[in-house]
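So you can see what is in the structure, the chains are spelled out below.
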Amino acid sequence: MSIRTRFSAVLLALLACGVNLAFAATDAGISAAESDDAPTAGVSAAPAVDAAPAAASPATQPAATQAVFRTEELDQMMAPIALYPDSLLAQVLMAATYPGNVADAVAWSKAHPDAQGDAAVKQVADQPWDPSVQSLVAFPQVLATLGQDPAWVQRVGDAFLAQPNDVMDSVQRLRRQAQAAGNLESNEQQTVSVQQAAPAPSSTTTVVQPAASTQTIIIEPADPQVVYVPSYNPTVVYGSWSYPSYPPPYYPPPPSYGYPVATALATGLAFGVGVGIVNSLWGDCDWGGGDVDIDVNRYNNINTNRQINANQNKFVHNPVNRDGVPYRDNINRQQNGLRLSGSEQREALRGYDADRTAQRQRASQSLQQRGIQAPAGSNQQARERAQAASRDLRNDPQARQRAESTVQQRQRTDANRPQQRPRAQSNQQVRQQARQQHTAARQQAPRNNAFAGARQPSQTRAAASRGEASRASAARPQKASAGRQVQRPAHAPSRGGGGHRR
């Protein structure tokens, strides 16, 4: 067999392998597209569709999320609340997106220690807080925990807004750890159940997943109208912690809320006094969708002044109740930062007028059509235009002639202008004239200073002698100008004792 024949056979074999690999990759891609039915939306999951094309348009794609926190950070911040009942956990996640309102609710709860349940929620109905925050006043134990670390509350809310699916996965991961450690089970206060995830649609490609990830642990109150808030030490209840560099925080409950002493907290979950509620909890975790469902009937029964329609069955973040707290991720900063109420009025107060802006744009377009450039928007642009004009003058004789004619015309106009005051050629000439005038004035004026007699020491000594003579003559006593001179001894003669007058 010749070398050319062998080379052709090898080339045909490689081409055949490439075709098979291409078909295999195409089959894998179709299978992945068919099995990828989990929503990746933000706070509100996108509605499910029956069949999606392989190449959907960008408008139909769910909103992308931004990874702000790592897995170990999510587990660290979710550890203190991951074992709450699902309905209470949903309320905490929603309320944490409004950290300023949570701080106000904590202060109100401290001022009203006896208020709890639905009655407490009705007392704060006139407060300008989000309804999710108002619902937490029914559970003073929860507010006491949230009030110990406001920065942690803000991080939880930021994580739920930026990575809702990752937050839900973190909660389920922590619940499986607590269950494996023997610290999460059903009792008189709560019911713990495990649900298997729905099997994935059949496809030509088999995807192997860990068995633990297909289980969803549900925690519900044993009595739907009585909720017990668990308290626990995360370093104990989850067993061996997987991230030593990110230890979970522990916020012990105040002793006034009826929790057992440290023995129960050290061994696992501890429950205080149950809180009777009917409508205060109107949210629930949607583990499959990565968001929070809303019970519209319960919501409207407790929030009588903030009714919602029956179609709003998902949690939607309201940036108005954020109270100016910045968002941690860029996606929520762009989506929610521009939807604040009253933005049109603020723009009007700042001088923004849509009609005036449109007129300026039309005028700029008209100038550009006539060959007139708009003013430079920066110093760099102005320098670039000046350099381009200089190059045109050097390279284009016609442009140079036009510039010279413009200068000559300006000079003729200045010459014909009546009563034109002479202008200095430059600032350097003005400064030179002022300096000469000052020098001439100094030369004409008499100089009188401390160094005037330094060059003539004899005159200086004579002046000093005259001064000394004047000072000496002023010190001698002067003779009387009139009258008889009287002379007295310096000391009167002493008289001896015993003498007598003659």
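Within any chain, residue numbers begin from 1 and follow the written order of that chain's sequence. Given that the model is predicted, a residue must reach a pLDDT of at least 70 before its local features are reported, and side-chain atom pairs must reach 80 or more before they are shown or counted; all residues, however, enter totals for whole chains, interfaces and linings. The side-chain numbers reported here are obtained from all heavy atoms of the structure, hydrogens and water having been left aside.

S.K.: Lay out the pattern of salt bridges in plain terms, naming residues and giving numbers.
M.R.: Only one rule defines a salt bridge in this text: a Lys or Arg side-chain nitrogen within 4 Å of an Asp or Glu carboxyl oxygen. Counted under the stated rule, the structure contains nine salt bridges. Across the pair Glu 73 and Arg 70 runs a salt bridge, and its minimum N-O distance is 3.6 Å. Note on exposure labels: buried denotes an accessible area under 20% of the residue type's maximum, exposed denotes more than 50%, and partly exposed covers the range between, all computed with a 1.4 Å probe on protein chains only. What makes Glu 73 buried here is its relative accessible area of 14%. A relative accessible area of 44% means that Arg 70 is categorised as partly exposed.

S.K.: If you had to explain the environment of Tyr 98 to someone new, which residues and values would you point to?
M.R.: Its place among the elements puts Tyr 98 in the loop between α3 (86-96) and α4 (99-111). Owing to a relative accessible area of 0%, Tyr 98 belongs among the buried residues under this scheme. Spatially, the C-alpha atom of Tyr 98 lies 5.0 Å from that of Arg 322, the residues being 224 residues apart in sequence. The criterion used for residue contact is that any of the two residues' heavy atoms lie within 4.5 Å. Leaving out residues up to four positions away in the same chain, Tyr 98 has contacts with Asp 130, Ser 132, Val 133, Phe 315, Val 316, His 317, Asn 318, Asn 321 and Arg 322. Helix and strand definitions follow DSSP, with helices as H or I runs of at least four residues and strands as E runs of at least two, each counted in order from the N terminus.

S.K.: Got a sec to walk through the nonpolar core? Specific residues and values, please.
M.R.: Proteins that are soluble and globular tend to have nonpolar side chains buried together. In this text, buried Ala, Val, Leu, Ile, Met, Phe, Trp, Tyr and Cys residues form a nonpolar core when linked through side-chain atoms within 4.5 Å. Formed by 72 residues in total, the largest nonpolar core has its most connected members in Met 78, Leu 89, Val 137, Phe 139, Val 142, Leu 146 and Tyr 238. Considering every element that reaches this core, the biggest residue donor is α3, with eight residues. Excluding its chain neighbours within four sequence positions, the residues that come into contact with Phe 139 are Leu 88, Val 227, Val 229, Val 275, Ile 277 and Leu 281.

S.K.: Residues and numbers for the environment of Arg 333, please.
M.R.: Mapped onto the fold, Arg 333 is located in helix α13 (residues 330-336). Arg 333 sits 14 residues away from Pro 319 along the chain, and the two C-alpha atoms are 9.9 Å apart. Contacts of Arg 333, omitting those with residues within four sequence positions, involve Tyr 327 and Arg 328.

S.K.: Report on unusual backbone geometry, specifying residues and quantitative values.
M.R.: The backbone phi angle of Asp 323 is positive, close to 60 degrees, even though this residue is not glycine. For Asp 323, the location among the structural elements is in the loop between α12 (296-302) and α13. On the basis of relative accessibility, which here comes to 47%, the residue Asp 323 falls in the partly exposed class.

S.K.: Outline the environment of Trp 108, supporting the account with residue identities and numerical values.
M.R.: As for its position among the elements, Trp 108 is in helix α4. The exposure class assigned to Trp 108 is buried, which follows from its relative accessible area of 12%. Sequence separation between Trp 108 and Leu 143 is 35 residues, and the spatial gap between their C-alpha atoms is 9.8 Å. Those residues in contact with Trp 108 that sit more than four places away from it in its chain are Ala 115, Ala 120, Gln 123, Val 124, Gln 127, Trp 129 and Val 137.

S.K.: Pulling in residues and values, what's your account of the confidence of the model for the protein chain?
M.R.: Per residue, pLDDT measures the predictor's confidence, with a range of 0 to 100. When pLDDT is averaged across the protein chain, the result is 75; 68% of the residues are at 70 or more. A low-confidence stretch, residues 17-63 (pLDDT under 50), is modelled with 43 contacts involving residues beyond four sequence positions or located in other chains. Note that residues 200-212 has pLDDT below 50 and, in this model, twelve contacts with residues that lie over four places away or in other chains.

S.K.: Kindly report on the pairing of strand β2 (residues 215-221), identifying the contributing residues and their values.
M.R.: The buried fraction of β2 amounts to five of the seven residues, a majority that puts the element mostly inside the structure. As judged from the seven bridges shared by strand β1 (residues 190-196) and β2, these two strands associate in the antiparallel manner. Within the sheet, the bridge partner assigned to Val 194 lies in β2 and is Ile 217. What makes two strands pair is DSSP finding at least two bridges between them.

S.K.: Pulling in residues and values, what's your account of the packing of helix α2 (residues 71-78) against helix α8 (residues 150-162)?
M.R.: In this description, a line fitted to the C-alpha atoms serves as the axis of each element, helices being fitted only across the stretch in contact, and the angle between N-to-C directions of two axes falls anywhere from 0 to 180 degrees. For the pair α2 and α8, the least separation of the axes is 10 Å and the interaxial angle reads 125 degrees. With respect to their mutual orientation, α2 and α8 come out oblique. With respect to the hand of their crossing, α2 and α8 are arranged in left-handed fashion. Contact residues: α2 offers Leu 74, Met 77 and Met 78, while α8 offers Trp 152, Arg 155, Val 156 and Ala 159. Here the contact of α2 with α8 is composed, by residue class, of six nonpolar, no polar and one charged. Between 65 and 115 degrees an angle is taken as roughly perpendicular, under 35 as roughly parallel, over 145 as roughly antiparallel, and anywhere else as oblique. By definition, turning the near helix anticlockwise from the far helix through less than a right angle yields a left-handed crossing, and turning it clockwise yields a right-handed one. In this count, Pro and Cys sit with the nonpolar residues alongside Ala, Val, Leu, Ile, Met, Phe, Trp and Tyr, while Asp, Glu, Lys and Arg are called charged and the others, Gly among them, polar.

S.K.: Can you break down the packing of aromatic side chains residue by residue, with the values?
M.R.: Aromatic rings from Phe, Tyr and Trp, with only the six-membered ring used for Trp, were paired whenever their centres fell within 6.5 Å, and each pair was classed as stacked if the ring planes differed by under 30 degrees, edge-to-face if by over 60, and tilted otherwise. All chains considered together, the criterion is met by six aromatic pairs. Here Tyr 232 and Tyr 238 contribute two aromatic rings whose centre-to-centre distance is 6.1 Å and whose plane-to-plane angle is 90 degrees, an arrangement assigned as edge-to-face. For Tyr 232, a relative accessible area of 4% translates into the label buried. Considering the side-chain rings of Trp 282 and Tyr 299, the 4.8 Å spacing of their centres and the 85 degrees angle between planes classify their relative orientation as edge-to-face.

S.K.: Let's hear about the side chain of Arg 175: which residues, and what values?
M.R.: Relative to the helices and strands, Arg 175 resides in helix α9 (residues 164-180). According to the relative accessible area criterion, Arg 175 is buried, its value standing at 0%. Pairs of N or O atoms are called polar contacts if they sit within 3.5 Å, as long as, within protein, a hydrogen donor faces a hydrogen acceptor (for residues adjacent in sequence, only side-chain-to-side-chain pairs). Within the structure, Arg 175 has its side chain in polar contact with the backbone oxygen of Ile 217 (distance 2.8 Å). Setting aside residues up to four positions removed in sequence, Arg 175 forms contacts with Ala 82, Leu 83, Tyr 84, Pro 85, Asp 86, Leu 89, Leu 184, Ile 217, Ile 218, Ile 219 and Trp 287.

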